[in-house]
Amino acid sequence: MLCCFFFYYFRFDSEVNLKLPKAVVLLVLFLVPLAKGIAVSKDFKMTGREFLELDSPVQRLYLERIKRMEIIQKLLSELPKADQNICSHGSYFLAGNSSLCGLTANNYFRKILNVRKAAIASALPMAVIPFLSTVAVYEVFVREPLFAGELNCEVCTVVRGGLVGAVVGGLYPVIMALPVNASLAARYASSPLPGKENLLRFWLTVSQPIFRKMSFGVLIQVLTGFYLATKQHGIYIKILENMKPSRDPEELQA
């Protein structure tokens, strides 16, 4: 609903040939569902017949995975509160930095394009959409596979965390700020815009100094993703160490 609201808010007349805001809205609309769809497709790579067959290998693997996840969640609840907060709410810190990157990039573009109106209308999506996107993508590609037992490699976990921090938490808000402010500049005629033949060169020239300024923020997001993924993988290893054969399985499932 929020994406649809901004789509209609930034809609122009037919004589303004600027369709970048539509691309932004479509990208946001499909980013989170696509990430969720990839995770679901990985979980259910099986035919209906195989799943319904009693004692089939696919069904046994699926049930074992569900049982393992329940045990991991049980052991996670026994860890100190600090470890539980890192696992449950750590992605919010990365997402908060993503919102700051979006607001900063939005401010830079507004200054270059001399946009003085619609400050709240441009700041709100730059704060909310990167936050939600970062949380969803990190949960799907890092946290959920890790605590489901599908991501045991520490290097893979750290690389995923860094990539999510760099791409979704750093670059995505900056790229998103470009069409949002370009639409405002065209709507309020705050800055002269070139024709179609020089459109790409113009926006590359405008964006280059902003990307250079935001490179430090992207680096911070990469390091934050590395740190968060490393901490969560360490907690996962701690959970595995607590899963000793000497413990009563009935106690773990209680």
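Just so you know, these numbers come straight off a predicted model, no measurement behind them.

*Asks:* Looking at this model, I keep getting lost on the overall build of the protein. Mind explaining?
*Replies:* Regarding its fold elements, the protein presents nine helices and zero strands. Counting across all 254 residues of the protein, residues that qualify as buried make up 40%. Pairs at least 24 residues apart make up 81% of the contacts formed inside the protein by residues separated by at least 6 positions. A total accessible area of about 14400 Å² is found for the protein, and carbon and sulfur atoms account for 65% of it.

*Asks:* I tried to follow the pattern of salt bridges on my own but got confused; where do I start?
*Replies:* A side chain with one charge can pair with a side chain of the opposite charge if their charged atoms come near. On inspection of all chains with the given rule, the structure shows two salt bridges. One salt bridge connects Glu 139 with Arg 143, and the closest N-O pair in it is separated by 3.7 Å. Here Glu 139 pairs with Arg 143, and both are found in helix H6 (residues 119-147), just four residues apart, close to one helical turn.

*Asks:* Explanation requested: the environment of Leu 223 in the structure shown.
*Replies:* Assignment of secondary structure puts Leu 223 in helix H8 (residues 199-242). Sequence-wise, Leu 223 and Val 158 are 65 residues apart; in three dimensions their C-alpha atoms are separated by 9.9 Å.

*Asks:* I tried to follow the packing of aromatic side chains on my own but got confused; where do I start?
*Replies:* Centre distance and the angle of the planes are the two values used to describe a pair of aromatic rings. This structure, assessed with the given rule, holds three aromatic pairs. Geometrically, the ring pair formed by Tyr 92 and Phe 131 is stacked, given 6.3 Å between the ring centres and 20 degrees between the ring planes. With Tyr 92 in helix H5 (residues 81-112) and Phe 131 in helix H6, this residue pair connects regions lying 39 residues apart in the sequence. Of the residues examined, Phe 131 reaches a relative accessible area of 27% and is grouped as partly exposed.

*Asks:* Looking at this structure, I do not really get the packing of H6 against helix H7 (residues 154-188). What am I missing?
*Replies:* For any two helices packed against each other, one specifies the crossing angle of their axes together with the interaxial distance. Where H6 contacts H7, the two axes come as close as 10 Å, and the packing angle between them is 160 degrees. In terms of orientation, H6 and H7 fall into the roughly antiparallel class. Taken as a pair, H6 and H7 cross one another with a handedness that is right-handed. Across the contact of H6 with H7, the residue classes break down as 18 nonpolar, six polar and one charged.

*Asks:* Mind showing me how you'd approach the state of the cysteines here?
*Replies:* Disulfide: a covalent bond connecting the sulfur atoms of a pair of cysteines. Inspection of every chain in the model, using the stated rule, returns zero disulfides. This cysteine, Cys 153, is not joined by any disulfide, and Cys 156 carries the nearest cysteine sulfur, 3.2 Å off.

*Asks:* Explanation requested: unusual backbone geometry in the structure shown.
*Replies:* Keep in mind that most residues, glycine aside, have a negative phi and that most peptide bonds are trans. Unlike most non-glycine residues, Asn 114 shows phi in positive territory, near 60 degrees. Looking at the secondary structure, you find Asn 114 in the loop between H5 and H6. We classify Asn 114 as partly exposed; its relative accessible area is 38%. We note that Ala 189 has phi near 50 degrees; this positive angle belongs to a residue other than glycine. The class of Ala 189 is exposed, set by a relative accessible area of 65%.

*Asks:* Help me understand the side chain of Asn 106 in this model?
*Replies:* Considering the arrangement of structural elements, one finds Asn 106 in helix H5. Taking the relative accessible area as the measure of exposure, Asn 106 reaches 4% and is therefore buried. The contact partners of Asn 106, leaving out residues within four places of it in the chain, are Ser 122, Ala 123, Met 126, Ala 177 and Asn 181.

*Asks:* In this structure, what is going on with the confidence of the model for the protein? I would like to understand it.
*Replies:* Do not read the predicted coordinates in detail wherever pLDDT is low. Taken as a whole, the protein shows an average pLDDT of 78; of its residues, 72% reach a score of 70 or greater. Overall, residues 38-52 carries pLDDT values under 50, and its contacts beyond four positions in sequence, including any with other chains, amount to 14 contacts.

*Asks:* Looking at this structure, I do not really get the environment of Met 243. What am I missing?
*Replies:* The residue Met 243 is located in the loop between H8 and helix H9 (249-253) in this model. The exposure class assigned to Met 243 is partly exposed, which follows from its relative accessible area of 24%. When the C-alpha atoms of Met 243 and Ile 71 are compared, they prove to be 8.4 Å apart, with 172 residues separating the residues in sequence.

Criteria and thresholds
- Residues numbered from 1 in each chain as written.
- Predicted model: local features only at pLDDT ≥ 70, side-chain atom pairs only at ≥ 80, totals over all residues.
- Heavy atoms only, no water.
- Helix = DSSP H or I, 4+ residues; strand = E, 2+ residues; numbered from the N terminus.
- Buried < 20%, exposed > 50% of the residue type's maximum accessible area, 1.4 Å probe, protein only.
- Contact = heavy atoms within 4.5 Å.
- Areas by Shrake-Rupley, 256 points an atom, 1.4 Å probe, with all protein chains shown as cover.
- Salt bridge = Lys/Arg side-chain N within 4 Å of Asp/Glu carboxyl O.
- Phe/Tyr/Trp six-rings, centres within 6.5 Å; stacked < 30°, edge-to-face > 60°.
- Axes fitted to C-alpha atoms, helices over the stretch in contact; angles between N-to-C directions.
- Parallel < 35°, antiparallel > 145°, perpendicular 65-115°, else oblique.
- Left-handed = near helix turned anticlockwise from the far one by under 90°.
- Nonpolar A, V, L, I, M, F, W, Y, C, P; charged D, E, K, R; others polar.
- Disulfide = S-S within 2.5 Å.
- pLDDT = per-residue confidence, 0-100.

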